[in-house]
Amino acid sequence: MGRGQLGVYVSGQVLGLSRRKCQQMPMIVRSLTSSSDSDSYQYLQRSKLPTMYFQKSLPRLPIPLVEKTCERFLAAIQPLTTAQEFSDTQQVVSEFKSNEAPELNAMLKLKDEANKHTSYISEPWFDMYLRDRSPLPLNYNPLLAMKNDTRPQYQHQLVKAANIVITSLRFWRSLLAGLLEPEIFHMNPKKSDTESYRRWMRMTPRIVATYASYVFKAFPLDMVQYERLFGTSRIPEIDKDYLVQSPTSKHIMIMRRGNIYAVDVLDTNGNIEPAREILARLCAVEKLDDSKSPAEVPLGVLTSSERNQWARVRQHMIKSSINNELLTQQIDTALFCICLDTAEDPVYSESDPIPAFKSMLAGKATNRWFDKSLSMLLTADGTAAINFEHSWGDGVAVLRYFNEVFKETMNRPFVSTDDLKSITQLPVNTDKVRHLNFEIDDYLKNEVKNAYDRNLKTINSLNMQMLIYPKLSKKACKADRLSPDSIMQLSFQLAYKQTYGKYVGTYESCSTAAFRHGRTETMRPCTLATTEFCDNVLSSQKDFDAKKLRALIDKCSTYHSQLTKDAAMGQGFDRHLFALKHTAMTNNMTIPKLYDTEAYKRINYNIISTSTLSSDGLLSGSFGPVVRDGLGIGYSIQNEMCGVVVTSYENGCNGKEFVSSLEQSFNTIRRVIDESK
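Residues numbered from 1 in each chain as written. Predicted model: local features only at pLDDT ≥ 70, side-chain atom pairs only at ≥ 80, totals over all residues. Heavy atoms only, no water.

In the annotation of an unreviewed UniProt entry, the chain is listed under the name Choline/carnitine acyltransferase domain-containing protein and assigned to Stomoxys calcitrans. Under the UniProt heading Pathway (unreviewed entry), the note attached to the chain is "Lipid metabolism; fatty acid beta-oxidation." Per UniProt, the comment on the chain under Catalytic activity (unreviewed entry) is "4,8-dimethylnonanoyl-CoA + (R)-carnitine = O-4,8-dimethylnonanoyl-(R)-carnitine + CoA". (UniProt positions renumbered as here; feature names shortened; annotations may be inferred.)

> An account of the environment of D480 is needed here, citing residue identities and associated values.
Summarising the element assignment, D480 is placed in the loop between helix 20 (474-479) and helix 21 (484-500). Counting along the chain gives 170 residues from D480 to E650, while the straight-line C-alpha distance between them is 39 Å. (Helix = DSSP H or I, 4+ residues; strand = E, 2+ residues; numbered from the N terminus.)

> Got a sec to walk through the UniProt feature "active site" (unreviewed entry) in the chain? Specific residues and values, please.
Here, the residues flagged by UniProt with the feature "active site" (unreviewed entry) are H390. Setting aside residues no more than four positions away along its own chain, H390 makes contact with Y129, Y140, N141, P142 and R519. (Contact = heavy atoms within 4.5 Å.)

> Mind laying out the sheet that holds strand 20 (residues 642-649), listing which residues take part and the relevant values?
Read across the sheet, six strands follow the order 14-20-19-17-15-16 without closing on themselves; strand pairing throughout is mixed. On the outer flanks of this sheet lie strand 14 (462-469) and strand 16 (520-523), each paired with one strand and no other. If you compare each strand with its neighbour and ignore which way they point, the axes differ by 25 degrees on average. In terms of strand pairing, strand 19 (residues 631-637) meets strand 20 through six bridges, oriented antiparallel. Paired with I637 across the two strands is C642, which belongs to strand 20. Strand contacts of helix 24 (residues 574-586): strand 15 (506-511) and strand 16, with the helix running at about 115 degrees to strand 16, the strand carrying the most contacts. (Pairing = 2+ DSSP bridges. Axes fitted to C-alpha atoms, helices over the stretch in contact; angles between N-to-C directions.)

> If you had to explain the pattern of salt bridges to someone new, which residues and values would you point to?
Overall, the coordinates contain 45 salt bridges when judged by the stated rule. The shortest N-O distance in the salt bridge between K116 and E113 comes to 3.4 Å. Judged by its relative accessible area of 46%, K116 falls in the partly exposed class. What makes E113 partly exposed here is its relative accessible area of 49%. Taken together, the salt bridges that share partners define one network made up of R133, R234, D241, R307, D371 and E389. (Salt bridge = Lys/Arg side-chain N within 4 Å of Asp/Glu carboxyl O. Buried < 20%, exposed > 50% of the residue type's maximum accessible area, 1.4 Å probe, protein only.)

> So what about empty space enclosed by the protein? Which residues, and what values?
Scanning all chains against the criterion turns up seven cavities of 30 Å³ or more. Roughly 60 Å³ of volume is contained in the largest cavity. Taken together, S486, Q489, L490, R524, P525, T527, T530, C556, Y559, H560 and L563 form the lining of the largest cavity. Taken together, the elements giving at least two residues each to the lining of the largest cavity come down to helix 21 and helix 23 (546-568). Counting residues per element, the lining of the largest cavity draws most heavily on helix 23, at four residues. Classifying every residue of the lining of the largest cavity by side-chain character gives five nonpolar, five polar and one charged. (1 Å grid on protein atoms, 1.4 Å probe; cavity = no way out; pocket = protein on both sides within 12 Å on 5 of 7 lines; lining within 4 Å. Points joined across faces, edges and corners; volume = space filled by probe spheres on them. Nonpolar A, V, L, I, M, F, W, Y, C, P; charged D, E, K, R; others polar.)

> Help me get a handle on unusual backbone geometry, residues and values and all.
Phi at N588 is positive, roughly 55 degrees, even though this residue is not glycine. Residue placement: N588 occurs in the loop between helix 24 and helix 25 (598-603). In this model, N651 sits at a positive phi of 65 degrees, which is unusual for a non-glycine residue. You can see N651 is positioned in the loop between strand 20 and helix 26 (655-675). The class of N651 is exposed, set by a relative accessible area of 85%.

> A description of the nonpolar core should follow, citing residues and the corresponding values.
Residues F73, F533, I633, V644 and F658 are the most contacted members of the largest nonpolar core, which totals 117 residues. Counting contributing residues, this core receives three or more from each of domain 1 (66-113 + 470-676) and domain 2 (133-179 + 226-462). Non-local contacts of F533, meaning those with residues more than four positions away in its chain, are made with L490, L494, L549, L552, I553, C556 and I669. Ranked by size, the runner-up nonpolar core spans 59 residues in total, among them V165, Y226, F388 and W392. (Core = buried A, V, L, I, M, F, W, Y, C linked by side-chain atoms within 4.5 Å. Domains from an automatic or database assignment.)

> How would you sum up the confidence of the model for the chain? Please name residues and give values.
Chain-level pLDDT for the chain is 92 on average; 94% of the residues reach the 70-or-more range. Across residues 1-34 the pLDDT falls below 50, and counting only partners more than four positions away or on other chains, this stretch makes 54 contacts in the model. (pLDDT = per-residue confidence, 0-100.)

> Account for helix 9 (residues 157-176), naming residues and giving values.
The terminal C-alpha atoms of helix 9, which comprises 20 residues, lie 28 Å apart, in line with the 28 Å expected from a rise of 1.5 Å per residue. Residue G178 follows helix 9 closely and has a positive phi angle near 75 degrees. (Expected span 1.5 Å × (residues − 1).)

> Break down the domain arrangement of the chain for me, citing the residues and quoting the values.
By domain assignment, the chain separates into domain 1 (66-113 + 470-676) and domain 2 (133-179 + 226-462). One C-alpha centre belongs to domain 1, the other to domain 2, and the line joining them spans 34 Å. At the interface, 23 residues of domain 1 touch 24 residues of domain 2. Taken over both partners, the interface formed by domain 1 and domain 2 buries close to 2000 Å², and the fraction arising from carbon and sulfur atoms is 59%. For the domain 1 face of the interface with domain 2, the top three residues by lost area are R519, L613 and L619, together amounting to 28%. Our enumeration of links across domain 1 and domain 2 arrives at one salt bridge. Salt-bridge contacts for D394 lead to R519; the nearest nitrogen and oxygen are separated by 2.9 Å. Going through the elements one at a time, strand 18 (618-622) and strand 20 are the ones with two or more residues in the side of domain 1 that touches domain 2. If you tally residues by element for the side of domain 1 that touches domain 2, the top one is strand 18, at five residues. Residues belonging to the side of domain 1 that touches domain 2 are distributed by class as follows: seven nonpolar, twelve polar and four charged. (Buried area = accessible area lost by both parts, 1.4 Å probe.)

> Describe the packing of aromatic side chains, and please don't skip the residues or the numbers.
With the rule as written, the count across this model stands at 23 aromatic pairs. Consider the rings of W125 and Y129, whose centres lie 6.2 Å apart with planes at 85 degrees: the pair is edge-to-face. Within this pair, W125 and its partner Y129 are both found in helix 7 (residues 122-131), separated by four residues, close to a single helical turn. With respect to burial, W125 and Y129 carry one shared label: buried. Residues F171 and F230 carry aromatic rings whose centres are separated by 6.5 Å and whose planes lie at 65 degrees to one another, so their mutual orientation is edge-to-face. With F171 in helix 9 and F230 in the loop between strand 5 (218-220) and strand 6 (232-235), this pair connects stretches of sequence that are 59 residues apart. Among the residues examined, F171 registers a relative accessible area of 1% and is labelled buried. Among the aromatic residues, those joined into a ring-pair cluster are F73, F96, F573, Y595 and Y600. (Phe/Tyr/Trp six-rings, centres within 6.5 Å; stacked < 30°, edge-to-face > 60°.)

> So what about the packing of helix 4 (residues 66-77) against helix 5 (residues 83-98)? Which residues, and what values?
One way to put it is that helix 4 packs onto helix 5 with a least axis distance of 11 Å and a crossing angle of 165 degrees. Relative to helix 5, the element helix 4 lies roughly antiparallel. Helix-helix and strand crossings are classified by hand; for helix 4 and helix 5 the assignment is right-handed. Where helix 4 abuts helix 5, its residues V66, E67, C70, F73, L74 and I77 lie against F86, T89, Q90, V93, F96 and K97. When its residues are assigned to classes, the contact of helix 4 with helix 5 shows eight nonpolar, two polar and two charged. (Parallel < 35°, antiparallel > 145°, perpendicular 65-115°, else oblique. Left-handed = near helix turned anticlockwise from the far one by under 90°.)

Structure below.
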């Protein structure tokens, strides 16, 4: 049970209630707290520390020393280059360090000093996202699928949707009111995630609160991205998109069978409508939609298009009709999007989850609006997933929201199937549920068809494989004094080398949210340490020396942990080099030769792109490959097992072959650990 909820959960009991009665608590809690005007219903949390308490005192993202950036770049490209290529690159880097880099870095620092409210990477990173003309699905929008509720009365699609909507609004209202708990990384939660810690923090001036928190080994994180979670849309424009935000909106958008609806969920005072009223409005959408045909021209497909093409079509759509312009504003200003899929769409199956995951990651796009900051997808069987537009923010904000939604819908749902039985007795104000009926001309019909065909061709070329491996886990790695993430990344390197006989550019993202307006830094998991281990494994099949290999694994783990620490502290090299290049471009200067070297191109051609998020509620995470011959590896290492979802394209990297090799890699590493004891 989360903070602010009734009772204290201890060993399966709530206030002395048995486990059986504990399972009945959602109904008890709902009856006590679902009055629409009560604070316990309107707000998810009532934090004693204001949400943005630490924001002003967060340290600024450091700009690394040029010398260190060059040193780290060379270390990262060495495993990917021949001796001659590396020697040539060393010469170019030396010239860059002496000639162009000092001036570019001085310009970058001057701009950073003039913009102390933000970070040096924030503007160029937004610019990178918004200028890219690639379609959003697969290239940018990721998927986070949520574990199902085993209780049928809460797994029903509309019930699940209503509970998610209510918790989302409670989260949003708490954020706007400054009542959401600040995001803090606790090194030792038992000592710092306490009332004593909060009491000390309340006594500390805000201007130094972050540094005072460090004494408790509690690290506040930047929360500026949270403000864009809801009410934000990416608007396509020629050459560069832009973001619009409408935080005071009172409606959400709902998509079903390609039809689009605007549904009011907040009253005129900005309060959340009663839980049963929200459920009634979702039921009204279903009833209204069942009286119609599936959208003949599903406009959502257009959001899967190349961005310039979509920009042209959107401009035509708006200019051709005042009605279309008004309806488009209803979409742009919606707080978030709920996509209700039907029985014609794939549903989750534990024995074969891939069709559902593919559909939720991108699918046919007829029932999606990829431009919304946040879309919650629900299959006909109630499986829920988040698909989010990536330019506005990163995984930290989305995962916090994801975790809060999962926790509350599991522990404190506001409606159940019992409410559905009487919901028909509630009259629904049709002004609160509006079908967005666009005027469609032949041009729009043709563009939607073309967008559908292009997207379908891309989706049909996408392969997805999944592997669950129980013999490697977070618990096991820690017992063996190994970094769990290091073991996963080492396994990917070994699997690729086994399959393709070479090492390639590998991408792992690391959050820099410990700094004001931090985004991410790139870690490069292909290192001299990992290649040494892989080469020794592949050359010692007949003479398997477990102790020697274990020593090499330890070396990999230590080095990987240092890379993680450096990246999290803003001491990587990717973002710095990126910002220096951006500085040259925006000032019409000659791009340094470094950026045209084979080594720079190779390390930034990310054939292995990886991402991980840790959550008790996560069923799966997935995203598309970033290059046509690459692999998109969403992975998780949990207490009892590890798992991956691997995406690839036809005629590119063979994902099925890679996953088979990955299982061998897991077996090999498990054998090394076991036999070296």
